[in-house]
Amino acid sequence: MNERPLGWSFWSKLNPNLTFRLLLIIIFLALIAFLNLFGLYDNFIKHDMDAALLSLFTVCLYSIPAYGLFKLKRWARSFEIVFSCVCLILGVIMLLFESIASGVFIIATHGLIVKYLLSKECKQAIGITS
């Protein structure tokens, strides 16, 4: 009696407007948030509450827009555009003064995120333009 309907799948539960590239961005943000949970745990175990609060802030900074983008919210798109632009600036600073590899990675990932979030396809998916 509790059988799944024929043709049911996990993918059928997703919003049909959710594009593949937007789903990749959501997974990327969620993965960063998830990995920062390990830093939160580690800092909590070491009783370094300042670093633990910073890790908690970082988890929220990535997980909240990931959830908002998953629900196709306009505020999440706007927030992520601003946040990714800030990360681009930090990536340039890191590229010049800290680590070339890290700087290039940050610039590439957040640059691609901004590029897609400003695209017509993303605006249509979220419902900004018809």
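Before any of the text, the structure's been laid out above.
Now for a description of the structure that goes with this document.

Cut-off values and rules
Residues numbered from 1 in each chain as written. Predicted model: local features only at pLDDT ≥ 70, side-chain atom pairs only at ≥ 80, totals over all residues. Heavy atoms only, no water. Disulfide = S-S within 2.5 Å. Helix = DSSP H or I, 4+ residues; strand = E, 2+ residues; numbered from the N terminus. Buried < 20%, exposed > 50% of the residue type's maximum accessible area, 1.4 Å probe, protein only. Axes fitted to C-alpha atoms, helices over the stretch in contact; angles between N-to-C directions. Parallel < 35°, antiparallel > 145°, perpendicular 65-115°, else oblique. Left-handed = near helix turned anticlockwise from the far one by under 90°. Contact = heavy atoms within 4.5 Å. Nonpolar A, V, L, I, M, F, W, Y, C, P; charged D, E, K, R; others polar.

With respect to the state of the cysteines
Counted by the stated rule, this structure contains zero disulfides. Cys60 takes part in no disulfide bond, and the closest cysteine sulfur, belonging to Cys87, lies 15 Å away. Cys122 carries a free sulfur, and the closest cysteine sulfur to it, the one in Cys85, is 13 Å from it.

Quick notes on the environment of Val104
Along the chain, the position of Val104 falls in helix α4 (residues 100-117). Given the relative accessible area of 44%, Val104 is considered partly exposed. Considered as a pair, Val104 and Met94 are 10 residues apart in the sequence and their alpha carbons are 8.6 Å apart.

Quick look at the packing of helix α3 (residues 74-97) against α4
One way to put it is that α3 packs onto α4 with a least axis distance of 8 Å and a crossing angle of 155°. As the angle between them shows, α3 and α4 are arranged roughly antiparallel. Taken as a pair, α3 and α4 cross one another with a handedness that is left-handed. Of the residues in α4, those in contact with Arg77, Glu80, Ile81, Phe83, Ser84, Cys85, Cys87, Leu88, Gly91, Val92, Met94 and Leu95 of α3 are Ile100, Ser102, Gly103, Val104, Ile106, Ile107, His110, Gly111, Ile113, Val114 and Leu117. Taken together, the residues of the contact of α3 with α4 break down into 15 nonpolar, six polar and two charged.

Interpretation note: all reported values are geometric properties and have no functional meaning in isolation.
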